[in-house]
Amino acid sequence: MKVLANDGVSQSGIDALEKAGFEVSTTTVAQEQLENYINENDISVLLVRSATTVRKNIIDNCPSIKIIGRGGVGMDNIDVDYARSKGLNVINTPAASSHSVAELVFAHFYGLARFLHNSNRDMPLEGDANFKGLKKAYAKGIELKGKT
């Protein structure tokens, strides 16, 4: 089976697919050329992230496609119900970014508690003229300990 990872895939993903017997292409095909590429290369599995959309025209006009995979949580760039109604398997990676999202949330918590965004923006602009005022304003950060 031939796999097109149109929006890219990690090397470990390529290795795992190839070890399982798949032929993997990481060519990035423009949206308007995707249908022709799939048909000319007899692609069975289309892997996308967020840049590629898989709509009715691709589903209807690419009979070799058996699986559409989304590397990510949401699948709003794929006509999921329609694809499934045509017998295609549509899969995603629903928990793939859970740790990254949680870390980003905590990064924002810390940044907000200590006014990091504003201070990083304002200090270069006003720091020479208003250092004491900015220092006083941004020293009023809070601790996150004990907060819910």
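Residue numbering note: each chain is counted from 1, following its sequence as written. Only residues with pLDDT of 70 or above have their local features reported here, since the model is predicted, and side-chain atom pairs are shown and tallied only from 80 upward, although totals for entire chains, interfaces and linings are computed over all residues. Hydrogens and water molecules were not included; the side-chain quantities draw on all heavy atoms of the structure.

## Examining helix H5 (residues 98-113)
Turning to step 1, where the next piece is worked out: Helix length check: H5 (16 residues) gives 23 Å between terminal C-alpha atoms against 22 Å at 1.5 Å per residue, within 8%.
Turning to step 2, where the next piece is worked out: Downstream of H5 by a residue or two, Phe115 has a phi angle that is positive, lying close to 55°. Secondary structure elements follow DSSP: runs of H or I no shorter than four residues count as helices, runs of E no shorter than two count as strands, and numbering proceeds from the N terminus. Given the number of residues in a helix, its expected span is that number minus one, multiplied by 1.5 Å.

## Side note on the pattern of salt bridges
Turning to step 1, where the next piece is worked out: Any Lys or Arg side-chain nitrogen found within 4 Å of a carboxyl oxygen on Asp or Glu counts as a salt bridge. Counted by the stated rule, this structure contains three salt bridges.
Turning to step 2, where the next piece is worked out: The residue Asp79 makes a salt bridge to Arg55 at a minimum N-O spacing of 3.1 Å. Placement of Asp79 in the loop between strand E4 (67-70) and helix H4 (80-85) and of Arg55 in the loop between strand E3 (45-48) and helix H3 (56-61) is noted, with a sequence separation of 24 residues between them.
Turning to step 3, where the next piece is worked out: Between Arg121 and Asp122 there is a salt bridge, with its nearest N and O atoms 3.5 Å apart.
Turning to step 4, where the next piece is worked out: Burial classes: relative accessible area under 20% of the type maximum marks a residue as buried, over 50% as exposed, and values in between as partly exposed (1.4 Å probe, protein chains only). Given a relative accessible area of 13%, Asp122 falls into the buried group.

## With respect to the side chain of Asn6
Turning to step 1, where the next piece is worked out: For Asn6, the location among the structural elements is in the loop between strand E1 (2-5) and helix H1 (11-19).
Turning to step 2, where the next piece is worked out: Note on Asn6: relative accessible area 1%, which makes it buried.
Turning to step 3, where the next piece is worked out: We call two N or O atoms a polar contact when they sit within 3.5 Å, provided that within protein one can donate a hydrogen and the other can accept it, with sequence-adjacent residues counted only if both atoms are side-chain atoms. A polar atom in the side chain of Asn6 sits 2.7 Å from the backbone nitrogen of Val29.
Turning to step 4, where the next piece is worked out: Those residues within four positions of Asn6 in sequence are excluded, and the remaining contacts are Thr27, Thr28, Val29, Leu34, Leu46, Leu47 and Thr52. Whether two residues are in contact is decided by their heavy atoms, any of which lying within 4.5 Å being enough.

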